[in-house]
Amino acid sequence: MTSHLEPVPGPLGGRHPRIDAAAKVTGSTRYVADLALPGMLHAALATATVASARVLGVDTAAARAHADVVAVLTAADVPANSIGVIFGDQPLLVTDRVRMVGDRFALVAARTAEAAWTAARLVGASLEELPGVFDPVAAVADDAPLVNGASNVFRTFHVQRGDTAKQAKRAAVVVEAEYRVGGQDHAYLEPQGCLAIPEGRERITIVASCQCPFYIQQGVASVLGLPLAAVRVEQAPTGGGFGGKEDYPTEPAACAALLAWHTGHPVRLIYPRELDLQATTKRHAMVVRHRWGADRAGRLRFAEVETFMDAGAYVGLSTVVAERANVSAIGPYHVGAVRVATHVVYTNNLFGGAFRGFGAPQVTWAAEATMDKLATRLGMDPVELRRVNVLDDTRRTICTGQRLRTPVLAREVLDRAVELAGWDGFRAAPPAADGAWRHGMGVSLVLYGCNLHWGGQRLDRSSAVVILQADGSVVVRVGLTEMGQGNLTACQTVAAAALGVDPSQVQVWQPDTTTVADSGPTVASRGSLMSGRAILDAVRRLRVRLDPVAAELLGCRPGEVELAGGFARVAGSPERAVAMQAVAKEMSARRIETIATGWHRTKARRFDPATGQGAPYEFYAMACHVARVAVDPGLGIVRVEEVTAAHDVGRVLHRDALEGQIHGGVVQGMGWGVSEELRLDRGRLVNPNFTDYVIPTSADAPRITIALVESDSEAGPCGAKGIGEPSFIPTAAAVRNAVCDALGVEVDTLPLTPPRLVEALGERHPFAWVVEAATRPATEHEPATVGPRA
Amino acid sequence: MARKPRDNEHTCPHGVSRRGFLGSLGAGAVAAATLGRPGETAPPEVADAVEPSKVTLLVNGRRHRLLVEPRWTLLHVLRERLGLTGSKPGCERGECGACTVLIDGVPRYACLTLALEAEGHEVTTIEGLMRGEELGPTQQAFAAEDAFQCGYCTPGQIMAAEGLLRAKPAPTVAEIRLGMSGNLCRCGAYPHIVKAVRRAAEARKGGGR
């Protein structure tokens with residue numbers, strides 16, 4: 001026992017170095033491409049380069065004849081040839097029909113990666129090309145070619161609230177618009193990759209770059225016909241995900257697992273960048289149609305939204321993405337009557353999947369564009385119009401009829417962002433044009449439903465294990481993954497705070513499906529929340545055994561023990577303390593169980609999918625971004641100079657990681673809004689590289705000013721709310737509104753590439769006559785060679 | 001797409017091999033031609049890969065005698081032959097910067113540099129920035145400023161920062177943003193990266209390398 005107490009500041013809300021800092025700055029983090037085993041083979045995929053065709057035959061003889069090839073597998077070798085996450089509409093290897101570019105004909109395992117990919121190109125598929133459909137609106141037409149099943153409309157989701165026809169009569173202005181919102185590639189710096197290690201024909205281990213080890217476990221077990229317990233998935237350190245490693249990694253994992261199963265060797269599959277861009281899931285392109293009306297005072301009377309979501313050739317997670325898009329279509333505004341229809345439509349384009357924001361960014365972009373159009377028609381300041389309609393504590397029912405928990409901080413984030421950005425000053429005296437550059441400012445809000453939608457609530461639970469080691473250090477395992485967002489560090493922080501020890505005493509290890517129970521996917525900004533709550537539960541259970549031991553050492557009752565500053569001490573008498581190391585040593589000496597499990601599940605909610613009424617999410621986070629841009633109207637170039645981001649975050653767990661999420665969301669959101677264009681030609685990506693698919697660099701990143709609006713919520717562990725997605729969603733919309741402000745024209749197509757802006761300016765373009773001559777023929781199709789930096 | 005080659009996979013029994021071509025120029029001339037003086041390059045020879053050549057590479061202060069195929073990239077040799085996996089493959093075509101190393105103190109994409117070109121030059125990788133057990137000042141600055149998220153681009157970012165600071169010990173923010181723009185970070189950690197480079201510049205002033 002000691003009376004000398006060094007006050008250790010609590011880790012919550014601080015900036016201690018991340019748990020993985022030393023490994024990452026020394027290059028010693030072992031990503032899956034850095035792992036190799038003796039006898040390991042390399043996998044490659046033979047894939048389709050056309051989007052729609054009948055398969056007449058697949059000839060593997062030339063590939064098999066390659067000297068270093070060990071195995072070539074086709075659909076006939078797959079025990080259960082289906083890989084869809086939710087619906088069984090996607091084969092792992094195609095047999096009769098190609099529905100999108102990237103569909104797999106065959107898998108190759110060879111002694112070198114070079115031989116594997118060379119042999120994969122020798123696989124000959126005999127194809128008869130079929131007509132395809134490449135636009136979600138065109139796909140709905142009666143005479144459109146069918147992509148996958150009896151109808152190209154796979155599902156439609158609805159929100160119906162109030163009488164829009166009646167409310168429309170009270171509207172003084174009505175905006176009708178059609179927005180064409182483009183997709184996006186995740187462009188994580190580490191390509192898809194995994195390593196499959198078979199143990200005879202009994203069981204298999206998969207080490208994968210992924211967000212959702214439990215999805216892979218289920219996918220591999222189903223393809224190989226194994227019980228779940230025979231498939232162990234360990235998450236490798238993951239070089240970025242952003243949703244692209246939620247659903248998709250199950251496919252490469254199943255491919256590598258099949259090859260490993262057939263050859264008996266460990267098999268590693270790493271996607272070359274071009275294939276990664278060409279074949280993996282994308283953010284859904286959407287066509288969003290609006291009819292919104294407001295009265296003279298600016299009050300929103302009605303909003304009608306119809307969205308056509310380009311699911312691509314397989315549903316994947318599209319229905320789940322549509323559920324979020326559907327209830328996010330209005331934003332944090334009070335509207336008299338709402339009617340939303342969200343269609344999930346098959347096309348022969350690359351298939352859509354999870355991507356940061358999950359359907360909400362596209363509909364938010366449209367909603368915030370319409371808000372600005374209404375403001376223009378009403379002659380109101382865009383911020384004023386939002387103030388008239390934004391939700392707050394007195395008016396807190398969203399379009400699904402759910403009454404939000406207080407505090408509702410939409411008005412606060414709006415006010416904070418606008419003030420910090422200097423909105424009023426900018427509007428009162430806009431900066432003069434600086435040479436060719438014209439300046440503009442735009443605003444956007446978001447209402448973000450934290451965690452999983454009602455439709456996925458069966459997955460909304462989380463598991464944790466806490467082990468107190470004999471030396472007082474602590475091992476934590478959780479089921480949710482680290483992909484750069486800082487989940488390991490958040491877990492470390494929560495565990496350290498709960499046990500009253502320094503974060504350096506806590507080691508959180510990468511998830512492994514054999515150490516914790518299925519915790520669902522690491523998505524929906526739920527990582528810190530769900531793992532944190534599970535850790536708190538585990539610590540609570542550990543203390544049932546720890547507190548009596550500490551109490552005995554302290555000479556007090558177990559109920560009086562508190563843990564803080566690295567000590568167990570008597571509440572109210574901090575001088576009576578014993579180091580946690582001593583408590584751990586004592587528990588070990590007495591052979592008391594020092595491992596505890598924890599569990600958390602979100603509250604059950606009621607929701608009616610037919611009307612979209614009820615509580616789709618347990619709680620919400622608000623955010624507001626204000627963007628200041630400079631635009632060169634001659635060249636159509638946009639420079640995003642500053643983004644001011646105000647976020648309703650509950651309580652901060654780790655300040656650096658939180659700010660990092662906001663920085664990343666803003667930069668990625670800006671890229672989506674301005675420069676990242678998926679240029680598809682009959683379903684094939686024509687720009688599958690980082691020269692032509694332009695993601696922001698350090699020179700493009702804007703100045704980012706952050707305002708955190710903290711509040712006491714009972715949401716997450718220690719009051720934290722999710723931040724990963726709300727940080728992304730509003731940026732592109734704010735940038736769009738700022739660009740339109742600068743140019744005085746409306747642009748309803750994302751991204752705002754130079755050709756689009758020049759086209760939108762039309763006769764107002766400074767060199768309109770030249771542009772007329774040069775670009776008119778190219779506007780028939782997407783310009784294939786003009787990029788933002790061309 | 002660069003692919004991982006294998007010893008003796010291809011042979012070039014007749015004609016001018018790339019190896020012979022490079023040999024005739026001499027290592028110095030090759031290096032000069034490929035390390036930034038394009039005016040001195042001869043027209044490219046098209047040739048199949050050939051039998052391995054002996055090469056001596058100076059990496060992180062250690063001399064390695066190796067047999068390499070002339071077409072092998074420096075990135076391939078660092079990772080697959082020397083076990084230095086800190087340099088990351090991200091695109092293998094000189095677009096992302098995850099494989100950035102220093103060659104004679106200047107940042108280079110290892111995926112666009114042939115291993116043979118590096119002969120006679122000093123190669124430094126992320127593993128070479130350690131000072132024994134201690135992190136180098138740039139590494140320390142990246143850790144302290146939380147200048148990474150997923151970490152995959154981080155070794156390349158740190159090497160680019162190291163090269164920038166060797167050339168320009170006290171860069172302005174604008175120079176940092178431009179100087180680091182050859183290295184993509186999809187997590188968007190740029191604001192923290194810029195802070196880290198400034199911090200590293202300060203640290204180096206106080207006696208850092």
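All of these numbers come straight from a predicted model, not from anything done at the bench.

(A) Expanded view of the sheet that holds strand E22 (residues 573-579) of chain A. Residues and elements named next belong to chain A. With antiparallel pairing, the three strands of this open sheet are ordered in space as E20-E21-E22. Both outer strands of the open sheet, strand E20 (561-564) and E22, are each paired with one neighbouring strand and no more. The mean angle between the axes of side-by-side strands here comes to 35°, regardless of whether they run parallel or antiparallel. Lying on the sheet, helix H15 (residues 580-589) is in contact with E20, strand E21 (567-570) and E22; it crosses E22 at an angle near 50°.

(B) Geometry of the environment of valine 413 of chain A. Residue and element names in this part refer to chain A. Within the element layout of this structure, valine 413 appears in helix H11 (residues 410-421). Here valine 413 falls in the buried class, since its relative accessible area comes to 0%. Taking the C-alpha atoms as reference points, valine 413 and alanine 645, separated by 232 residues in sequence, lie 8.4 Å from one another. Residue contacts for valine 413: discarding those within four places in its chain leaves Leu445, Met622, Ala623, Cys624, Ala646, His647, Asp648 and Val709.

(C) Geometry of the sheet that holds strand E4 (residues 106-109) of chain B. All names here are of chain B. Strand order in this open sheet of five strands is E2-E1-E5-E3-E4, and the pairing throughout is mixed. Among the strands making up the open sheet, the edge pair consists of strand E2 (62-68) and E4. Adjacent strand axes in the sheet meet at a mean angle of 40°, parallel and antiparallel pairs treated alike. Inspection of the sheet shows strand E3 (residues 100-103) paired to strand E5 (residues 122-124) by two bridges, in the antiparallel sense.

(D) Fine view of the packing of helix H9 (residues 360-378) of chain A against helix H10 (residues 382-389) of chain A. Residues and elements named next belong to chain A. Interaxial distance between H9 and H10 falls to 9 Å at its minimum, and their mutual angle equals 110°. Classified by the angle between their axes, H9 and H10 sit roughly perpendicular to one another. Contacts between H9 and H10 involve Glu368, Met371, Asp372, Leu374, Ala375 and Leu378 on the former and, on the latter, Pro382, Leu385, Arg386 and Asn389. Split by residue class, the contact of H9 with H10 holds six nonpolar, one polar and three charged.

(E) Inspection of the confidence of the model for chain A at higher detail. All names here are of chain A. Averaged over chain A, the pLDDT score is 94; the fraction of residues at 70 or greater is 96%. The low-confidence segment residues 1-9, where pLDDT is below 50, has 15 contacts with residues more than four positions distant or belonging to other chains. Here residues 779-790 scores under 50 on pLDDT; set against residues more than four positions off or in separate chains, the count is 17 contacts.

(F) Fine view of the domain arrangement of chain A. Residues and elements named next belong to chain A. Annotation of chain A at the domain level lists domain 1 (32-130 + 186-279), domain 2 (286-391 + 401-453 + 609-759) and domain 3 (461-601). The C-alpha-based centres of domain 1 and domain 2 are spaced at 35 Å. Domain 1 puts 28 residues into the contact, and the matching count from domain 2 is 26 residues. If you look at where domain 1 meets domain 2, you find eight residue pairs in polar contact (both at pLDDT 80 or more).

(G) Highlighting the side chain of arginine 386 of chain A. Residue placement: arginine 386 of chain A occurs in helix H10. Among the polar contacts listed, one links the side chain of arginine 386 of chain A to the side chain of glutamate 368 of chain A, at a separation of 2.7 Å.

(H) Expanded view of the interface of chain A and chain B. Residue-level contacts link 58 residues of chain A with 45 residues of chain B. Area buried by chain A at its contact with chain B is led by Val25, Glu114 and Leu189 of chain A, which between them contribute 18% of it. Seen at the junction of chain A and chain B, the total is five salt bridges. When the shortest N-O distance is used, the salt bridge between arginine 18 of chain A and aspartate 146 of chain B registers 2.7 Å. Across the contact surface, chain A and chain B share 26 residue pairs in polar contact (both at pLDDT 80 or more). For the side of chain A that touches chain B, the secondary structure elements donating two or more residues are helix H1 (21-26), helix H3 (113-122), helix H7 (273-279) and helix H16 (655-674) of chain A. When residues of the side of chain A that touches chain B are assigned to their parent elements, the largest contribution, nine residues, is made by H16 of chain A. Along the lines of polarity and charge, the residues of the side of chain A that touches chain B split into 23 nonpolar, 20 polar and 15 charged.

(I) Examining the packing of helix H5 (residues 154-167) of chain B against helix H7 (residues 190-205) of chain B more closely. Residues and elements named next belong to chain B. It is the contact of H5 with H7, at a shortest axis distance of 10 Å, that shows an interaxial angle of 45°. Regarding the angle of H5 to H7, the classification is oblique. In this structure, H5 crosses over H7, and the sense of that crossing is right-handed. Contacts from Gln157, Ala161, Glu162, Leu164, Leu165 and Arg166 of H5 reach H7 at Ile193, Val197, Ala200, Ala201 and Arg204.

(J) Quick look at the side chain of threonine 124 of chain B. Tracing the chain through its elements places threonine 124 of chain B in strand E5. If sequence neighbours within four positions are ignored, threonine 124 of chain B has contacts with Asn60, Val101, Leu102, Leu129 and Met159 of chain B.

(K) Molecular detail of the domain arrangement of chain B. Residues and elements named next belong to chain B. The domain architecture assigned to chain B consists of domain 1 (49-129) and domain 2 (130-209). If you average the C-alpha positions of domain 1 and of domain 2, the two centres end up 21 Å apart. Between domain 1 and domain 2, the residue contacts involve 20 residues of the former and 19 residues of the latter. Taken over both partners, the interface formed by domain 1 and domain 2 buries close to 1,500 Å², and the fraction arising from carbon and sulfur atoms is 60%.

(L) Region of the structure containing the packing of aromatic side chains. Residue and element names in this part refer to chain A. Applying the stated criterion to the full structure yields 11 aromatic pairs over all chains. Ring plane angle 70° and centroid distance 4.8 Å describe the contact between phenylalanine 87 and phenylalanine 154, whose orientation is recorded as edge-to-face. Highlighted residues: phenylalanine 87 in the loop between strand E3 (69-73) and strand E4 (97-98) and phenylalanine 154 in strand E7 (residues 153-161), separated in sequence by 67 residues. On the accessibility criterion, phenylalanine 87 (22% relative accessible area) is partly exposed. Since its relative accessible area comes to 22%, phenylalanine 154 is described here as partly exposed.

(M) Spatial organisation of H3 of chain A. Residue and element names in this part refer to chain A. By the criterion of burial, H3 is predominantly enclosed, with seven of the 10 residues buried. Along H3, the residues classified as buried are Ala113, Glu114, Ala115, Ala116, Trp117, Ala119 and Ala120. Buried residues belonging to H3 abut strand E1 (41-47), helix H2 (61-65), E3, strand E5 (104-110), strand E12 (267-270) and H7.

(N) Representation of the pattern of salt bridges within the structure. Residue and element names in this part refer to chain A. If you walk through the whole model with that rule in mind, you get 64 salt bridges over all chains. The partner of lysine 24 in a salt bridge is aspartate 20, and the shortest N-O contact between them spans 2.8 Å. Judged on exposure class, the residue lysine 24 and its partner aspartate 20 are both buried. Residues glutamate 641 and arginine 628 are paired through a salt bridge, measuring 3.0 Å at the closest nitrogen-oxygen approach. Pair noted here: glutamate 641 is in strand E27 (residues 637-650) and arginine 628 is in strand E26 (residues 620-632), with a separation of 13 residues, a long-range link. Here glutamate 641 falls in the partly exposed class, since its relative accessible area comes to 21%.

(O) Region of interest: the environment of valine 220 of chain A. All names here are of chain A. By secondary structure assignment, the location of valine 220 is in helix H5 (residues 213-224). As a C-alpha pair, valine 220 and proline 252 span 32 residues in sequence and 9.9 Å in three-dimensional space. Excluding residues that lie within four positions of it along the chain, valine 220 makes contacts with Ile204, Ile206, Val231, Ala253, Ala254 and Ala257.

(P) Just the pairing of E3 of chain B, in detail. Residue and element names in this part refer to chain B. On E3, burial covers both faces: Thr100 and Leu102 on one face and Val101 and Ile103 on the other are all buried. Pairing of E3 with E4, which is carried by four bridges, proceeds in the antiparallel orientation. Within E4, the position partnered with isoleucine 103 by the bridge is valine 106. From the end of E3 to the start of E4, which pair antiparallel, there are two residues, and aspartate 104 there has a positive phi angle of about 50°.

Each value, and the rule that gives it
Residues numbered from 1 in each chain as written. Chains lettered and ligands numbered in written order. Predicted model: local features only at pLDDT ≥ 70, side-chain atom pairs only at ≥ 80, totals over all residues. Heavy atoms only, no water. Pairing = 2+ DSSP bridges. Helix = DSSP H or I, 4+ residues; strand = E, 2+ residues; numbered from the N terminus. Axes fitted to C-alpha atoms, helices over the stretch in contact; angles between N-to-C directions. Contact = heavy atoms within 4.5 Å. Buried < 20%, exposed > 50% of the residue type's maximum accessible area, 1.4 Å probe, protein only. Parallel < 35°, antiparallel > 145°, perpendicular 65-115°, else oblique. Nonpolar A, V, L, I, M, F, W, Y, C, P; charged D, E, K, R; others polar. pLDDT = per-residue confidence, 0-100. Domains from an automatic or database assignment. Polar contact = N/O pair within 3.5 Å; in protein donor to acceptor, adjacent residues only side chain to side chain. Buried area = accessible area lost by both parts, 1.4 Å probe. Salt bridge = Lys/Arg side-chain N within 4 Å of Asp/Glu carboxyl O. Left-handed = near helix turned anticlockwise from the far one by under 90°. Phe/Tyr/Trp six-rings, centres within 6.5 Å; stacked < 30°, edge-to-face > 60°.

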